Amino acid sequence: RNWLKTAKSVCPSDEAKEFRLDNLEKEINALESEFSGEDQCIGFCHNDLQYGNIMIDEETKALTIIDYEYASFNPIAFDISNHFCEMAADYHSEEPHILDYTKYPDLDERKRFVQTYLSSSGEEPDAEKIKDLMNNIEKYTLASHLVWGLWGIISVGSFA
């Protein structure tokens with residue numbers, strides 16, 4: 001909601017109308033009601049886990065995650081959905097904001113990721129737990145698009 005308020009303040013009115021910023025409060029409310037009451041697993045989340053923020057040591061194969069400026073406690077389903085969405089971006093292209101959804105992980109890859117994530121505690125997750133998290137991840141994809149869409153409007157508006 002804070003980013004929506006900022007986006008409205010930096011966006012010219014004709015563009016705000018084109019982006020339908022006045023309707024986004026309703027969208028935010030709809031997303032919020034979709035998730036209210038659900039058993040959300042909250043954890044410390046990176047919130048921008050794209051390939052440029054994952055460093056791999058070539059010799060040891062150790063992973064280091066960098067750039068925690070957006071990190072906070074959040075539903076883990078949001079963080080994972082955002083990670084999947086980031087797989088469709090190419091930050092080395094001239095148009096990194098144009099997403100290529102052929103790069104978005106397919107259902108089997110998403111399921112494998114979720115199972116591995118949930119297994120990291122040392123316990124094997126049951127099928128219901130995997131299914132529930134995958135359903136929440138799919139729903140949070142909308143929130144990820146909303147967050148980064150507003151971020152883009154604010155970023156462009158800050159430089160105008």
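An account of the accompanying structure is given in this report.

What counts and what doesn't
Residues numbered from 1 in each chain as written. Predicted model: local features only at pLDDT ≥ 70, side-chain atom pairs only at ≥ 80, totals over all residues. Heavy atoms only, no water. Phe/Tyr/Trp six-rings, centres within 6.5 Å; stacked < 30°, edge-to-face > 60°. Helix = DSSP H or I, 4+ residues; strand = E, 2+ residues; numbered from the N terminus. Buried < 20%, exposed > 50% of the residue type's maximum accessible area, 1.4 Å probe, protein only. Axes fitted to C-alpha atoms, helices over the stretch in contact; angles between N-to-C directions. Parallel < 35°, antiparallel > 145°, perpendicular 65-115°, else oblique. Left-handed = near helix turned anticlockwise from the far one by under 90°. Contact = heavy atoms within 4.5 Å. Nonpolar A, V, L, I, M, F, W, Y, C, P; charged D, E, K, R; others polar. Salt bridge = Lys/Arg side-chain N within 4 Å of Asp/Glu carboxyl O.

## Examining the packing of aromatic side chains
Overall, the coordinates contain 11 aromatic pairs when judged by the stated rule. Taking 5.9 Å as the distance between ring centres and 50 degrees as the angle between the ring planes, the aromatic pair formed by tyrosine 51 and tyrosine 91 counts as tilted. On the criterion of sequence distance, the pair formed by tyrosine 51 in the loop between β1 (42-45) and β2 (54-56) and tyrosine 91 in the loop between α4 (76-86) and α5 (107-119) is long-range, its members being 40 residues apart. Pairing tyrosine 101 with tyrosine 104 gives two aromatic rings, centres 6.1 Å apart and planes at 50 degrees, and the pair type is tilted. You can call tyrosine 101 partly exposed: its relative accessible area is 44%. Grouping aromatic residues by their ring pairs yields a cluster made of Trp3, Tyr70, Trp148 and Trp151.

## Considering the packing of α4 against α5
Closest axis-to-axis distance for the α4/α5 pair is 12 Å, and the angle between their directions is 140 degrees. The orientation of α4 with respect to α5, classified from their angle, is oblique. Where α4 crosses over α5, the handedness of that crossing is right-handed. Contacts between α4 and α5 pair Ile76, Ile80, His83 and Phe84 from the former with Arg110, Phe113 and Tyr117 from the latter. Here the contact of α4 with α5 is built from residues that sort into five nonpolar, one polar and one charged.

## What about the pattern of salt bridges?
Under the criterion given, the structure shown has six salt bridges. Arginine 1 serves as the salt-bridge partner of glutamate 32, at 3.2 Å between the closest nitrogen and oxygen. Linking glutamate 32 in helix α3 (residues 21-35) with arginine 1 in the segment before α1 (2-10), this pair joins segments that are 31 residues apart in sequence. Of the residues examined, arginine 1 reaches a relative accessible area of 43% and is grouped as partly exposed. Taken together, the salt bridges that share partners define one network made up of Arg1, Glu25 and Glu32.

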